[in-house]
Amino acid sequence: MNTFTRRTATVATTGTLLLGGAVATASTASAATVGAGACTHQIKINTDVYTTVKFRTGPGTGYTATGQLSRGTDVYWQCNKGRNDKPNAWGYVMVKSGAHKGKKGWVAAQYINVPMRLN
């Protein structure tokens, strides 16, 4: 972009803001949906989330939150990106109940209940 074009765009943006208008800016969150291909560990269990948690398009806070899953929402936990014993693990889930039933997405793995096995 040449200097004249850049200055013209800056003046137009400033004028719009001064007149009470709005200017759209690029979001820092990614709107792209990341699927199970990003997983590093397979889980494959039915469980639920134990607190209200953001439901995201990818494994991290840099991805768009498309809503929230309420405490007790049933999910099929397909896989993880990262290990559960490490911080920043994300679970790829399919929602089995509630407002997002049937949708797939990501939640912070620390908020997914891990069922215990008793022999």
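Everything that follows concerns the structure shown earlier in this document.
Residues numbered from 1 in each chain as written. Predicted model: local features only at pLDDT ≥ 70, side-chain atom pairs only at ≥ 80, totals over all residues. Heavy atoms only, no water.

1. Side note on the environment of Asn113
Phase 1: For Asn113, the location among the structural elements is in the segment after β6 (104–108).
Phase 2: Asn113 sits in the partly exposed class, given a relative accessible area of 28%.
Phase 3: Leave out the neighbours within four places in its chain, and Asn113 touches Thr47, Asp48, Val49, Tyr50 and Trp77.
Phase 4: At 2.4 Å, the side chain of Asn113 and the side chain of Asp48 are in polar contact. (Helix = DSSP H or I, 4+ residues; strand = E, 2+ residues; numbered from the N terminus. Buried < 20%, exposed > 50% of the residue type's maximum accessible area, 1.4 Å probe, protein only. Contact = heavy atoms within 4.5 Å. Polar contact = N/O pair within 3.5 Å; in protein donor to acceptor, adjacent residues only side chain to side chain.)

2. Let's talk about the pairing of strand β4 (residues 74–81)
Phase 1: Where strand β1 (residues 41–48) meets β4, six bridges bridge the pair, whose relative direction is antiparallel. Bridge pairing links His41 to Asn80 in β4.
Phase 2: Relative to strand β5 (residues 90–95), β4 runs antiparallel, the two sharing six bridges. In the sheet register, Lys81 faces β5, and the bridge partner there is Trp90. (Pairing = 2+ DSSP bridges.)

3. What to know about the state of the cysteines
Phase 1: With the rule as written, the count across this model stands at one disulfide.
Phase 2: A sulfur-sulfur distance of 1.9 Å marks the disulfide that ties Cys39 to Cys79. With the S-S dihedral at roughly 50°, the linkage between Cys39 and Cys79 falls on the right-handed side. With Cys39 in the loop between α1 (3–18) and β1 and Cys79 in strand β4, this pair connects stretches of sequence that are 40 residues apart. Exposure class is identical for Cys39 and Cys79. Each is buried. (Disulfide = S-S within 2.5 Å.)

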